[in-house]
Amino acid sequence: MVRRRLPRWSEFEPLLRPERIPLNPTERRLSRVHTIPDLRKIAARRVPRAVFDYTDGAAEREISLRRARNAFTRVEFHPQALHDVSNPDTSTTVFGERWALPFALAPTGFTRMMHHEGELAAARAAQQAGVTFSLSTMGTASIEEVAAVAPDADKWFQLYVWKDRAAGKDLLERARTAGYKALLLTVDTPVGGARMRDVRNGLTVPPALTPATVLDAAIHPAWWFNLLTTEPLSFASLHEWRGTVAELVNTMFDPTVTFADIEWLRAAWPGPLLLKGIQTVADARAAVDHGADGIVISTHGGRQLDRAVAPLEVLPRIADAVAALALGARACLVGRAFLYGLMAGGERGVGQAISILGEEIARTLQLLGVRSIGELNRSHVSLR
Ligand SMILES: Cc1cc2nc3c(=O)[nH]c(=O)nc-3n(C[C@H](O)[C@H](O)[C@H](O)COP(=O)(O)O)c2cc1C
């Protein structure tokens, strides 16, 4: 038989910890976020369905995207016990620049559709965190605007080679003058991938006012208010566009681009040149042979050729062929993770995405028994 009594106030009081509820609504939303999937959930509520799907989705049946994510469930860590890991160092050096974290924000198009401050918000958050920001040719802020709001950030520019080569050269000149350090040439986009969610949603840029979008405005009034009361969407590099994403891609991009184009680009760009979208050992070798300083193994987040390889799975083979950290990469590009943050809470949301990833990296280093990124090698990780 348990004997019960009434608790005294003095015993009860220390258990009552009133939660501080932030007054700022964005801060309040973000205070409940602990992981990238938490940010994704909020993002899905904050923006119109077609915008969320454009960001979240991939090509055709999205098999590449699912396989790429599943590959990360195959990662198996092999921690080393009993090392002093009191001060984990998450920094790494890429082309002579010291990066606070071993990732950069990936170039993404139409970013102002996700949040009205778009690239400017992301670039400011990147600068604050000491993370490199990449601006896309299809970005919705100009080369110079991004440089002006994030003068101290390490910035990269991403180029799609256009049918009009002279216009491409012009962009390189502007990026160089504005202090962008490296050039990413995306090579997985001879034509646009078939993004079925966009097709079904009838996504256009900017979103057209149709009965469906007008209805949506009732559900996402803040997003629509911000879209309509800020500068109309225009691009880093192109003139205004009205039409679907697929139409834009297929008008702008040049399916005749070959490795021979790397040579004129190499001559036109004095800084580091990386080919983004390499997926085979042979292409990695060819990239190096044609004077590229680096490659990004990527399937464009599964948004181009569906059933393309899972980057993590081909990484060790490619790293063996052309250079090596752990399974092989020196650093990586992060796309959707920061975009979920942007949709969930603008600049603060991007900052939160970066700090979630940063904390995960620091804790993983510590639990692996490793003090710094540079100490990582293949003894720490394998694929099951
Ligand atoms: C919404 C969105 C737009 C993108 N736009 C571009 C682009 O304009 N140029 C480019 O080279 N890659 C683009 N990408 C691909 C990213 O740079 C990156 O390769 C990809 O997002 C990485 O996968 P993750 O989103 O799972 O991190 C885009 C990706 C997303 C999600």
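In this report, we go over the structure that sits alongside the text. (Residues numbered from 1 in each chain as written. Predicted model: local features only at pLDDT ≥ 70, side-chain atom pairs only at ≥ 80, totals over all residues. Heavy atoms only, no water.)

Now for the overall build of the protein chain. From N to C terminus, the protein chain includes 17 helices and 13 strands. Computed over C-alpha atoms, the radius of gyration of the protein chain comes to 23 Å, within 12% of the 21 Å expected from 2.2 N^0.38 for 384 residues, which places it in the range of a compact globule. With the C-alpha coordinates aligned to their principal axes, the bounding extent of the protein chain is approximately 85 × 60 × 40 Å. By the burial criterion, 48% of the 384 residues in the protein chain qualify as buried. Of the roughly 19500 Å² of accessible surface on the protein chain, a fraction of 56% belongs to carbon and sulfur atoms. Charge separation in the protein chain, taken as the distance between the mean sites of 46 positive and 41 negative side-chain charges, equals 8 Å. (Helix = DSSP H or I, 4+ residues; strand = E, 2+ residues; numbered from the N terminus. Rg over C-alpha atoms; globule rule 2.2 N^0.38 Å. Buried < 20%, exposed > 50% of the residue type's maximum accessible area, 1.4 Å probe, protein only. Areas by Shrake-Rupley, 256 points an atom, 1.4 Å probe, with all protein chains shown as cover. Lys, Arg positive; Asp, Glu negative; His and termini not counted. Charge placed at Lys NZ, Arg CZ, Asp CG, Glu CD.)

Right, let's talk about the site of the ligand for a bit. Close to the ligand lie 20 residues; Pro107, Ser136, Tyr160, Thr186 and Arg336 are nearest. Within the side chain of Tyr160, an N or O atom sits 2.8 Å from a nitrogen atom of the ligand. With the chains in place, 89% of the 600 Å² that the ligand exposes on its own is no longer accessible. Secondary-structure elements contributing two or more residues to the shell around the ligand are helix H4 (49-56) and helix H17 (336-368). Classifying every residue of the shell around the ligand gives 7 nonpolar, 10 polar and 3 charged. (Near = heavy atom within 4 Å. Polar contact = N/O pair within 3.5 Å; in protein donor to acceptor, adjacent residues only side chain to side chain. Nonpolar A, V, L, I, M, F, W, Y, C, P; charged D, E, K, R; others polar.)

With that settled, the discussion passes to the side chain of Thr137. Structurally, the position occupied by Thr137 is in the loop between strand S5 (133-135) and helix H8 (143-149). In this structure Thr137 comes out as buried when scored by relative accessible area, which is 0%. Among the polar contacts made by the side chain of Thr137, one reaches the main-chain carbonyl oxygen of Gln158 at a distance of 2.6 Å. At 3.1 Å, the side chain of Thr137 forms a polar contact with the backbone nitrogen of Tyr160.

Per the stated rule, a full pass over the model turns up 7 aromatic pairs. Pairing Phe157 with Tyr180 gives two aromatic rings, centres 6.2 Å apart and planes at 85°, and the pair type is edge-to-face. One end of the pair, Phe157, is in strand S6 (residues 155-159); the other, Tyr180, is in the loop between helix H9 (165-177) and strand S7 (182-186), and 23 residues separate them in sequence. The class for Phe157 is buried, based on a relative accessible area of 0%. Residue class for Tyr180 comes out buried when judged on its relative accessible area of 4%. Seen from their ring centres, Trp223 and Trp224 are 4.9 Å apart, and the 80° between their planes marks the pair as edge-to-face. Seen from the ring of Tyr54, Arg303 lies directly overhead, with NZ or CZ sitting 4.9 Å from the centre. (Phe/Tyr/Trp six-rings, centres within 6.5 Å; stacked < 30°, edge-to-face > 60°. Lys NZ or Arg CZ within 6 Å of the ring centre and 35° of its normal.)

For the rest of this paragraph, the subject is the pattern of salt bridges. Enumeration over the complete set of coordinates arrives at 23 salt bridges. Here Glu11 and Arg8 are joined by a salt bridge, their closest N and O atoms 3.6 Å apart. Of the residues examined, Glu11 reaches a relative accessible area of 33% and is grouped as partly exposed. Since its relative accessible area comes to 54%, Arg8 is described here as exposed. (Salt bridge = Lys/Arg side-chain N within 4 Å of Asp/Glu carboxyl O.)

The next thing to look at is H17. Over its 33 residues, H17 extends only 26 Å from the first C-alpha to the last, a length that falls short of the 48 Å expected when each residue adds 1.5 Å. Following H17 by one or two positions, Gly369 adopts a phi angle in the positive range, close to 80°. (Expected span 1.5 Å × (residues − 1).)

Once that is clear, we can look at a positive patch on the surface. A surface patch of like charges, here positive, comprises Arg28, Arg32, Lys41 and Arg45. If you trace the backbone, Arg45 turns up in helix H3 (residues 36-46). (Patch = residues over 30% accessible without salt bridge, like charges linked within 9 Å, V, L, I, M, F, W, Y side chains within 5 Å.)

Empty space within the largest cavity amounts to approximately 30 Å³. Secondary structure elements with two or more residues in the lining of the largest cavity: H4 and helix H10 (196-201). Residues belonging to the lining of the largest cavity are distributed by class as follows: 2 nonpolar, 1 polar and 6 charged. (1 Å grid on protein atoms, 1.4 Å probe; cavity = no way out; pocket = protein on both sides within 12 Å on 5 of 7 lines; lining within 4 Å. Points joined across faces, edges and corners; volume = space filled by probe spheres on them.)

The subject of this paragraph is the nonpolar core. With 79 residues, the main nonpolar core has Leu39, Leu105, Phe110, Met113, Phe157, Leu159 and Tyr180 as its most contacted residues. The biggest single contributor to this core is H17, with 12 residues. Apart from the residues within four sequence positions on either side, Leu159 is in contact with Thr137, Gly168, Leu171, Leu172, Leu183, Leu184, Leu185, Thr186 and Leu265. Ranked by size, the runner-up nonpolar core spans 8 residues in total, among them Val94, Trp156, Leu184 and Val296. (Core = buried A, V, L, I, M, F, W, Y, C linked by side-chain atoms within 4.5 Å. Contact = heavy atoms within 4.5 Å.)

So, on to the pairing of strand S11 (residues 294-297). Side chains Gly294 and Val296 project from S11 onto a buried face, and the interleaved Ile295 and Ile297 project onto a face without burial. Pairing between strand S10 (residues 273-278) and S11: 4 bridges, direction parallel. Looking at S11, one finds that Ile278 is bridged to Ile297. Handedness of the β-α-β unit built from S10, helix H15 (residues 281-289) and S11 comes out right-handed. (Pairing = 2+ DSSP bridges. Right-handed = clockwise from strand over helix to strand, strands pointing away.)

On to a nonpolar patch on the surface. Together, Trp9, Phe12, Leu15 and Leu16 make up a nonpolar patch on the protein surface, roughly 480 Å² of accessible area in all. Tracing the backbone shows Leu15 in the loop between helix H1 (9-12) and helix H2 (25-30).

A separate point is H3. Those residues of H3 not exposed but buried are Ile36, Leu39, Ile42 and Ala43. Each buried residue of H3 lies within a common arc of 120° when the element is viewed along its axis, so the set occupies one face. Exposed residues on H3 whose side chains face more than 90 degrees from its buried face are Pro37, Lys41 and Arg45. Contacts from the buried residues of H3 go to H2, H4 and H17. (Arc of directions from axis to C-beta.)

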